[in-house]
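# Structural description and commentary
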Amino acid sequence: MVYSGVKRSFENGYWAAGGYFYSPNSTTDRDFSPIIPDTDLHVASLGFGHKGKRWDWALSGQIITGPAREVHNGNVADGKYNFFNQAVNMSVTYHF
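Note that the structure is a prediction, hence the values are computed from the model and not measured. (Residues numbered from 1 in each chain as written. Predicted model: local features only at pLDDT ≥ 70, side-chain atom pairs only at ≥ 80, totals over all residues. Heavy atoms only, no water.)

## Comments concerning the overall build of the protein chain
Basically, it comes down to this: In this description a helix means any DSSP run of H or I spanning at least four residues, a strand means any run of E spanning at least two, and both kinds are numbered starting from the N terminus. For a compact globule the rule gives 2.2 Å times the number of residues to the power 0.38, and the radius of gyration it is set against comes from C-alpha atoms. Residues are treated as being in contact if the distance between any of their heavy atoms lies within 4.5 Å. Each accessible area is a Shrake-Rupley estimate made with a 1.4 Å probe; only the visible protein chains count as cover when residues are assessed. The charged-residue count follows a simple rule in which Lys and Arg add positive charge and Asp and Glu add negative charge, with His and chain termini not counted at all. A single reference atom marks each charge: NZ on Lys, CZ on Arg, CG on Asp, CD on Glu.
Within the protein chain one finds zero helices and five strands. Walking the protein chain from its N terminus toward its C terminus, one meets helices and strands in the order β-β-β-β-β. Radius of gyration (C-alpha) of the protein chain: 19 Å, far over the 12 Å computed for a compact globule of 96 residues. Each principal axis of the C-alpha distribution contributes one length, and for the protein chain these read about 60 × 25 × 15 Å. Across the protein chain, every contact between residues at least 6 apart in sequence was considered, and the portion connecting residues at least 24 apart equals 47%. Total accessible area on the protein chain stands at roughly 7,200 Å², and carbon and sulfur atoms take up 59% of it. Each charge class in the protein chain can be summarised by its mean position, and for the 8 positive and 8 negative side chains these summaries are 17 Å apart.

## Observations regarding the environment of Lys53
Topologically, Lys53 is positioned in the loop between β3 (41–51) and β4 (55–71). Considering only alpha carbons, one finds Lys53 and Tyr94, 41 residues apart in sequence, at a separation of 8.9 Å.

## Considering the sheet that holds strand β5 (residues 79–94)
We apply this condition: When DSSP finds at least two bridges between two strands, those strands are taken to pair. Throughout, an axis means a line fitted to C-alpha atoms (over the contacting stretch in the case of helices), and angles, computed between N-to-C directions, take values from 0 to 180 degrees.
Read from one edge to the other, the open sheet built from five strands follows the order β1-β2-β3-β4-β5, with strand pairing classed as antiparallel. If you trace the sheet from one side to the other, it starts and ends with β1 (2–9) and β5, each paired once. Averaged over all pairs of adjacent strands, the angle between strand axes in this sheet comes to 5°, irrespective of strand direction. As paired strands, β1 and strand β2 (residues 14–23) are joined by eight bridges and run antiparallel to one another. Bridging from a neighbouring strand, Ser9 pairs with Trp15 of β2.

## Examining unusual backbone geometry
This is how it is decided: To sort residues, take the accessible area from a 1.4 Å probe on protein chains only and compare it with the maximum for the residue type: under 20% means buried, over 50% means exposed, and anything in between is partly exposed.
For Asn12, which is not glycine, the phi dihedral falls at a positive 65°. Mapped onto the elements, Asn12 comes out in the loop between β1 and β2. What makes Asn12 exposed here is its relative accessible area of 64%.

## Notes on the pairing of β2
Hairpin connection between β1 and β2: a loop of four residues separates the two successive antiparallel strands, and Asn12 in this loop has a positive phi of roughly 65°. When β2 meets β3, the two strands line up antiparallel, connected through 10 bridges. Bridge pairing links Gly19 to Ser45 in β3.

## Notes on the pattern of salt bridges
What counts here: By definition here, a salt bridge exists when the distance from a side-chain nitrogen of Lys or Arg to a carboxyl oxygen of Asp or Glu is within 4 Å.
In this structure the tally under the stated criterion is one salt bridge. With a shortest N-O distance of 3.5 Å, Asp56 and Lys51 are connected by a salt bridge.

## So, the packing of aromatic side chains
To keep it simple, the criterion reads: A pair of Phe, Tyr and Trp rings is counted when the ring centres sit within 6.5 Å of each other, with Trp represented by its six-membered ring. The angle between the planes then sorts it: under 30 degrees is stacked, over 60 is edge-to-face, the rest tilted.
Applying the stated criterion across every chain yields a total of four aromatic pairs. Between the aromatic rings of Tyr14 and Trp57, the centroid separation amounts to 6.5 Å while the plane-to-plane angle is 70°, which identifies the pairing as edge-to-face. Here Tyr14, found in strand β2, pairs with Trp57, found in strand β4; they are 43 residues apart in sequence, far enough to count as distant. By relative accessible area, Tyr14 is classed as partly exposed at 41%. Of the residues examined, Trp57 reaches a relative accessible area of 28% and is grouped as partly exposed. Members of the aromatic cluster, each reached through a chain of ring pairs, are Tyr14, Phe48 and Trp57.

Now the structure itself:
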């Protein structure tokens, strides 16, 4: 596994962050299942937000992808699998 990230804080409680994560596949061709498509994953994310006295908020985006994986194990899982996922996340917190 490889991962790294950076965060920068600015004046008035604002911040920005970015990161990268790599995870090699953990399933052998013999045990591969299309229900849980496992491949080498590359994950990149960016986010920014604000931390205040009462309210915090954050907005982030993430892309997860990996190289195509060809499986030849002699059962119904034989084939070529591609994986691509993207997400946008937002959070709001109120401190009382």
